[in-house]
Amino acid sequence: MRSLIYIICFFYAMSCFAQDNDDTKVTFELSEVAMLDLEPNNTTVTLNVVAPTKAGEKAIIVAANNNKWINFSSAVSAGTMRFISIIIEDGQVPPGIYLKLRTANYVGSGKGDTGVPTSLVTLNNSSQTIVSNIKGAYTGNGENNGYKLTYELEIYDYKLLDFDQSATLSIRLTLSDF
Amino acid sequence: MKNFILIVFLIVSNWLFSQNVEIDVSGKWEKKIRASDITEAGNDYVGTYESDSDETEIEIKAKNKNKTITVLIRKEDDYDEWHPNLQLQVRRTDNNNNNSNGGTSYQTITDFDSVFFYTEGRDNKVPIQYRINGISVLLPVQEYTTTIIFTVFQ
């Protein structure tokens, strides 16, 4: 008799409560991102060596448009890092002078692992790293975001200078995987 | 013998009058986030993506058309297949469905059952739309997947 009561209770409970479920999936696939840009533009940087105004003084270096900002967006797989390199792709620096690039610390509205700059490099026809250890990050867009680049000239041998000589160089910046 | 007849009667009556409710979910959201979605170097993704308004359709069948059906929703994800910065939201888009109540504004899907909406009637097809927040280049590049579980009960 008792078992019958249990059975009745069971079926009563079954009839009072009904439940079912089903499922579906949501999937997002994130892509690799490696985007680099120069701000405010990638127009020509002009650096001039000008004769001194008084005898005995050193030559004057006049720069125009010599500040650029690197903006980038980078998305990588876990454990992957990127770097930014620079190379003189075409042309030769005139004899007697070095073309140097100063990379300031990161500033801006971006987020993430924006990397570590190499403060000063002398540019040549070999690729050199100017920012390393970049992971998932974005710098922010426009001037005052990212890494400020300053191109400089340094005279290392006056006797090699030829004031009639000029050179146009093509410089390439690349964001790459390690 | 008397008990046997009674048990058979209970089984038959239970089958006939029980408040069975069933749910069938169709359609999954698969979205590829492309680098070209970033408008310019230095920017992040816009962060928020929305599915089609009927990306998933849930069909609810109930024996008892007069009793309210509660629809619950939750998600289940493996540790390395989802990221805590991702916030998945859901809403139903059949705003003119007089049989259903609630669920027309986006709500975040958590790991625990929460009420999505209420409905009633014998046969309801409800279109579902999703929205994801938190897509960023800061997240490791991989595929992120979660399972959405819909539960109905009366």
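See above for the structure.
Just so it is clear, the structure is predicted and the values come from calculations on it, not from any experiment.

> Can you explain the overall build of chain B? Please cite residues and give values.
When its secondary structure is counted, chain B shows one helix and 11 strands. Listing the helices and strands of chain B from first to last along the sequence gives α-β-β-β-β-β-β-β-β-β-β-β. Looking at chain B as a whole, 47% of its 154 residues qualify as buried. Sequence-distant contacts in chain B: of pairs separated by 6 or more residues, those separated by 24 or more amount to 79%. Total accessible area on chain B stands at roughly 8200 Å², and carbon and sulfur atoms take up 47% of it.

> Tell me about the sheet that holds strand 9 (residues 116-117) of chain A, and name the residues and values.
Residues and elements named next belong to chain A. The four strands are arranged 9-11-6-14 in an open sheet whose pairing can be described as antiparallel. Edge positions in the sheet fall to strand 9 and strand 14 (170-177), since each has one partner strand and no second. The pairing of strand 6 (residues 82-90) with strand 14 spans eight bridges and is antiparallel. When the bridges of strand 14 are listed, Ile 88 appears paired with Ile 171.

> Break down the interface of chain A and chain B for me, with residues and values.
Taken together, the 44 residues of chain A in the interface contact 56 residues of chain B. Of all residues in chain A, the largest losses of buried area upon contact with chain B belong to Val 26, Phe 28 and Leu 30 of chain A, amounting jointly to 19% of the total for that side. In this structure, the connection of chain A to chain B is made through one salt bridge. A salt bridge links Lys 32 of chain B to Glu 29 of chain A, with the nearest nitrogen and oxygen atoms 3.2 Å apart.

> Account for the layout of surface pockets, with residues named and values stated.
Residues and elements named next belong to chain A. Volume-wise, the largest pocket comes out at about 900 Å³. Looking at the lining of the largest pocket, the elements with two or more residues in it are strand 2 (33-39), strand 3 (46-50), strand 7 (97-103), strand 13 (147-155) and strand 14. Classifying every residue of the lining of the largest pocket by side-chain character gives 18 nonpolar, eight polar and three charged.

> Can you break down the environment of Tyr 98 of chain A residue by residue, with the values?
With respect to the helices and strands, Tyr 98 of chain A occurs in strand 7. Spatially, the C-alpha atom of Tyr 98 of chain A lies 5.6 Å from that of Leu 153 of chain A, the residues being 55 residues apart in sequence.

> Which residues make up the pairing of strand 6 of chain A, and what are the values?
Residue and element names in this part refer to chain A. Counting buried positions along strand 6 yields seven of nine residues, so the element is predominantly enclosed. In this structure, strand 6 lies alongside strand 11 (residues 128-134), joined through four bridges in antiparallel fashion. Within strand 11, the position partnered with Ser 85 by the bridge is Thr 129.

> Give me the lowdown on unusual backbone geometry, citing residues and values where you can.
Residues and elements named next belong to chain A. The omega torsion across Glu 39 and Pro 40 is 5°, close enough to zero to call that bond cis. Within the fold, Pro 40 resides in the loop between strand 2 and strand 3. Unusually for a residue other than glycine, Asn 133 sits at a positive phi of about 60°. Its identity is not glycine, yet Asn 144 carries a phi of approximately 65°, on the positive side. Position of Asn 144 among the secondary structure elements: in the loop between strand 12 (137-138) and strand 13.

> Just give me the short version of the nonpolar core, but keep the residues and values in it.
Formed by 42 residues in total, the largest nonpolar core has its most connected members in Ile 58, Ile 60, Leu 88, Tyr 130, Ile 132 and Phe 150 of chain B. For Ile 60 of chain B, the contacting residues outside a window of four places in its chain are Val 21, Glu 22, Ile 23, Ile 69, Val 71, Phe 117, Thr 119, Arg 122, Asp 123, Asn 124 and Val 152 of chain B. By size, the runner-up hydrophobic cluster in this structure holds 23 residues, among which are Ile 84, Ile 134, Leu 153 and Leu 175 of chain A.

> I'd like a description of the sheet that holds strand 5 (residues 69-76) of chain B, backed by residues and values.
Read from one edge to the other, the open sheet built from six strands follows the order 2(B)-1(A)-11(B)-5(B)-9(B)-7(B), with strand pairing classed as mixed. Edge strands, defined here as strands with exactly one partner in the open sheet, are strand 2 (29-33) and strand 7 (100-101) of chain B. Judged from the two bridges that link them, strand 7 of chain B and strand 9 (residues 114-119) of chain B form a sheet pairing that is antiparallel. Among the inter-strand pairings, Ser 100 of chain B is bridged to a residue of strand 9 of chain B, identified as Thr 119 of chain B.

> Kindly report on the pattern of salt bridges, identifying the contributing residues and their values.
All told, the structure shown has 14 salt bridges over all chains when counted by the stated rule. Across the salt bridge formed by Glu 50 of chain B and Arg 91 of chain B, the nearest N and O atoms sit 3.9 Å from each other. Taken together, the residues span a long stretch of sequence, with Glu 50 of chain B in strand 3 (residues 49-50) and Arg 91 of chain B in strand 6 (residues 87-92) at a distance of 41 residues. A network of salt bridges, in which partner residues are shared, links Glu 32, Arg 82 and Asp 177 of chain A.

> Before we move on, could you go through the environment of Val 71 of chain B and cite the residues and values that matter?
Residues and elements named next belong to chain B. On the secondary structure map, Val 71 appears in strand 5. Under the relative-accessibility criterion, Val 71 is labelled buried at 0%. Here the alpha-carbon distance between Val 71 and Phe 150, two residues 79 residues apart in the chain, equals 6.7 Å. With sequence-adjacent residues up to four places away left out, Val 71 is seen in contact with Ile 58, Ile 60, Ser 114, Val 115, Phe 116, Phe 117, Thr 119, Phe 150, Thr 151 and Val 152.

Calculation criteria
- Residues numbered from 1 in each chain as written.
- Chains lettered and ligands numbered in written order.
- Predicted model: local features only at pLDDT ≥ 70, side-chain atom pairs only at ≥ 80, totals over all residues.
- Heavy atoms only, no water.
- Helix = DSSP H or I, 4+ residues; strand = E, 2+ residues; numbered from the N terminus.
- Buried < 20%, exposed > 50% of the residue type's maximum accessible area, 1.4 Å probe, protein only.
- Contact = heavy atoms within 4.5 Å.
- Areas by Shrake-Rupley, 256 points an atom, 1.4 Å probe, with all protein chains shown as cover.
- Pairing = 2+ DSSP bridges.
- Buried area = accessible area lost by both parts, 1.4 Å probe.
- Salt bridge = Lys/Arg side-chain N within 4 Å of Asp/Glu carboxyl O.
- 1 Å grid on protein atoms, 1.4 Å probe; cavity = no way out; pocket = protein on both sides within 12 Å on 5 of 7 lines; lining within 4 Å.
- Points joined across faces, edges and corners; volume = space filled by probe spheres on them.
- Nonpolar A, V, L, I, M, F, W, Y, C, P; charged D, E, K, R; others polar.
- Core = buried A, V, L, I, M, F, W, Y, C linked by side-chain atoms within 4.5 Å.

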